[in-house]
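Here is how the chains run, residue by residue.
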Amino acid sequence: MANVIVVGAQFGDEGKAKVTDLLARNADVVVRYQGGANAGHTVVVDGETYKFHLIPSGILYEGKTCILGPGMVIDPKAFINELGALMKRGLDDTKLKVSASAHVTMPYHLALDAAEEESRGANKIGTTKRGIGPTYADKCARSGIRMEDLLDKEVLREKLEWMVPRKNVLLERMYNIPPFDAKAILEEYSGYAEQIRKYVCDTSEYIFNAVQARKNILFEGAQGTLLDLDHGSYPYVTSSSPSAGGACIGAGIGPTIIDRVIGVSKAYMTRVGEGPFPTEQEGEIGEMLRQTGKAWAEVGVTTGRPRRCGWFDTVIGRYSVRINGLDCLAITKLDVLDEFDEIQICVAYKDKRDGSTHKEMSSIGSNFKHMEPIYKSFPGWKKPTGDLRSFKELPLEAQRYLDFIADELDCPVAIVSVGPTRDKTVVIEDPIHGPKRVLTKSTQQ
Ligand code: GDP
Ligand code: IMO
Ligand code: MG
C-alpha cells in the first residue's frame, strides 16, 4: 500500500496528468484536492487524447474510484459538460464521487473574475476566467455555496437571496454589468443539482476507509507550486494550495497517511498568464520550445493561450523540493529539447542592483524583477529520445543534463518522460518504492 501525491513543481502544465495516468495503474483511488475548471490535464492513450478540467484523470482506468475533493471549486455546468463528453466516449461514472463540502462556482463568480481582470488593466493576473478567485474568496468570507447547499433547494434559495443582491451591487455599480436574477439561478442550478446528486458524499470519510482497507490512494495536483496562493509568485498565483501540503487540507486527510510526494517538472519551463518568469525566452528559442513537435505545441489546454517558454530554473526547482518535501522528480518533455544545439540551465540569479548572486528563493522574496539568471550551458544531444526506454539508452548529453538537475535540486529523478503517450517513458527508479530524497547536503548548517 502507498499513498502518493503528484504535484506540479513549476508554474503548472508540467505534465502532471501524464504522470498521474502512469501511476494510476496501481492506484485504487485518484483524488483531485484543489482548483477547479482552471486546470487542463492532457492524457494520450491508445491514440486518443483526453483533456480533463475537473475530473481526475484516473477515470481512464476501469474500476478506480475518482474523487473531486472538498478543497475543489466546482462549476456544475462545466462538470456536467465534461462528464457527459467523457461518458459519450465510453468512460464509466459509477465510481465517481464529489465532496459535499466542495464549493460551487456560480455564474456571478465567472462574471466577477472577468470584470476584475479587465479592471486590473496592466496589472492583470491573466486568470483562466473560470471564476476560481471569486469562488475561493466567498469560501474564505464564509458566504460560499457548497455542494451540499446546491442539493437542498431551500438552503440554496436562502443563500442566493442573500448573496445575489450583494453581488449585483458590485457588478452593476463597479463594473456596469447587468444584474443576475436569484430566481433564475435557483431554477437553473437546482436542475444541475439533480444531475450531480448521485455523486455527492463525504469523500473524506471514503478516503479514510480506503486507507484503513490498505488501498492505494493517488492525489492528483492541479496547477503548480509557483502558483500556490501562499507559496507562489503572489499575486500572480491561483487561489488554492496546489503544493503538497494542500493535499491534506483539500482531501480531508491527515499528513501521516502520505508515503511519497512526487514533483513533476518539465525539462525546461513554461508559464501561462502574467507574472515573473526569470528564464523566459521571448525570441527564437522561446518560439522553438513552443513549437517543437506540432502535436504538442505549448498552448494552454483550458484557454488556448500560447504558453510562455524558457529554460529550466534550479532556483525554482530547489524551492519546490523544499515547499513540497519532494521525494523524487518526474522530468517530462525531454524530447522537446532533442533538436537544440545548446541547452541552458539557470543555476542562480544575479541581482542587477549590486551584482550579488542568489541560489535560494529565500534571499529573493518577491524581487524577481531585479534578478537576472546565471546560466550553465549544456551541449544538446541532437538525437530523438522518443523511442528510448532506459536511462542507459539516453544520449550521454541527456544523461548529464538530468544528473545535473538531480544534483542541483538534491532530489533523485525517478521518471523521465519522452513523449505524451503512456509508453514514452523512462523509469529510472520505481517512483513509489524506489530510493527517495535523503536529508543530506541541504541540511548541513
Ligand atoms: P498538466 O496540466 O500538468 O497535466 O499538463 P498539460 O496537460 O496542461 O500539458 C502538458 C502537455 O504536454 C500535454 O499536451 C501532454 O500531452 C504533453 N506531454 C506530457 N509529457 C510529455 C512528454 O514527455 N513529451 C511531449 N512531447 N509531450 C508531453
Ligand atoms: P494545470 O492544472 C497553468 C494560471 C493562470 C493565471 C493564474 C491564475 O493545467 O497545471 P486562475 O484562473 O487560477 O485564477 O488563474 O494561474 N493557471 C494555470 N497555469 N496550468 C494550470 O493548471 C493553471 N491554472 C491556473 O494562467 O496565471
Ligand atoms: Mg495543464
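Calculation criteria
- Residues numbered from 1 in each chain as written.
- Chains lettered and ligands numbered in written order.
- Predicted model: local features only at pLDDT ≥ 70, side-chain atom pairs only at ≥ 80, totals over all residues.
- Heavy atoms only, no water.
- Helix = DSSP H or I, 4+ residues; strand = E, 2+ residues; numbered from the N terminus.
- Buried < 20%, exposed > 50% of the residue type's maximum accessible area, 1.4 Å probe, protein only.
- Contact = heavy atoms within 4.5 Å.
- Lys, Arg positive; Asp, Glu negative; His and termini not counted.
- Charge placed at Lys NZ, Arg CZ, Asp CG, Glu CD.
- Pairing = 2+ DSSP bridges.
- Donors = N, O, S within 2.8 Å, 3.2 Å for Na, K, Ca; no water.
- Axes fitted to C-alpha atoms, helices over the stretch in contact; angles between N-to-C directions.
- Left-handed = near helix turned anticlockwise from the far one by under 90°.
- Nonpolar A, V, L, I, M, F, W, Y, C, P; charged D, E, K, R; others polar.
- Near = heavy atom within 4 Å.
- Polar contact = N/O pair within 3.5 Å; in protein donor to acceptor, adjacent residues only side chain to side chain.
- Phe/Tyr/Trp six-rings, centres within 6.5 Å; stacked < 30°, edge-to-face > 60°.
- Lys NZ or Arg CZ within 6 Å of the ring centre and 35° of its normal.

Undergrad: Sorry, what's going on with the overall build of the protein chain here?
TA: When its secondary structure is counted, the protein chain shows twelve helices and 20 strands. Taking the principal axes of its C-alpha atoms as reference, the protein chain extends roughly 65 × 50 × 45 Å. The buried share of the protein chain, taken over its 445 residues, is 58%. Sequence separation of at least 24 residues holds for 76% of the intrachain contacts in the protein chain that already meet a minimum separation of 6. Computed over 56 positive and 60 negative side-chain charges, the separation of the two mean positions in the protein chain equals 1 Å.

Undergrad: What am I meant to see in the sheet that holds strand β15 (residues 328-332) here?
TA: Backbone hydrogen bonds are what pair the strands of a sheet, in a parallel or an antiparallel way. The strand order across the open sheet built from ten strands is β9-β7-β5-β2-β10-β1-β11-β15-β19-β20, with neighbouring strands paired in mixed fashion. With partners counted over all chains shown, the strands left at the sheet margins are β9 (200-201) and β20 (425-427), one partner each.

Undergrad: What is the right way to read the coordination of the magnesium ion (ligand 3) from this model?
TA: When a metal carries six donors in an octahedron, the ideal angles between them are 90 or 180 degrees, while four donors in a tetrahedron ideally lie at 109.5 degrees. Looking at the magnesium ion (ligand 3), the protein donor atoms are Asp13 (OD) and Gly40 (O), and they sit 2.0 to 2.1 Å from it. One end of the pair, Asp13, is in the loop between β1 (3-8) and α1 (16-24); the other, Gly40, is in the loop between β2 (29-32) and β3 (41-45), and 27 residues separate them in sequence. A relative accessible area of 11% places Gly40 in the buried class.

Undergrad: Is there a simple way to think about the side chain of Ser143 in this case?
TA: Within the fold, Ser143 resides in the loop between α4 (132-140) and α5 (147-150). Overall, the relative accessible area of 17% leaves Ser143 in the buried class.

Undergrad: Would you mind going over the packing of helix α3 (residues 107-120) against α4 with me for this structure?
TA: Relative placement of two packed helices is described by the angle separating their axes and the distance separating the axes. Running from amino to carboxyl end, α3 crosses α4 at an angle of 115°, the nearest separation of the two axes being 7 Å. Here α3 runs over α4; the crossing is right-handed. Facing α3, whose interface residues are Tyr108, His109, Leu112, Asp113 and Glu116, α4 presents Ile132, Pro134, Thr135 and Asp138. Of the residues assigned to the contact of α3 with α4, the class counts are four nonpolar, two polar and three charged.

Undergrad: Sorry, what's going on with the site of ligand 2 here?
TA: Every one of the 21 residues lining ligand 2 counts as a neighbour, but Asp13, Lys16, His41, Thr128 and Thr238 are closest to it. The contact in question runs from an oxygen atom of ligand 2 to an N or O atom on the backbone of Gly126, over 3.3 Å. Here the shell around ligand 2 is built from residues that sort into eight nonpolar, ten polar and three charged.

Undergrad: Sorry, what's going on with the packing of aromatic side chains here?
TA: The way to describe two aromatic rings as a pair is by their centre distance and the angle between their planes. Under the counting rule described, the total for this entry stands at ten aromatic pairs. Relative to Phe180, the ring of Tyr108 lies with its centre 6.5 Å away and its plane at 75°, an arrangement referred to as edge-to-face. Residue Tyr108 is located in helix α3, and its partner Phe180 is located in the loop between α6 (153-175) and α7 (182-196); the two are separated by 72 residues in the primary sequence. Accessibility expressed as a relative area gives 25% for Phe180, which makes it partly exposed. Among the aromatic residues, those joined into a ring-pair cluster are Phe378, Trp381, Tyr401 and Phe404. For the cation-ring pair, Arg89 lies above Tyr50, with the distance from its terminal atom to the ring centre recorded as 4.0 Å. Against the face of Phe378 rests Lys376, its NZ or CZ located 5.3 Å from the ring centre.

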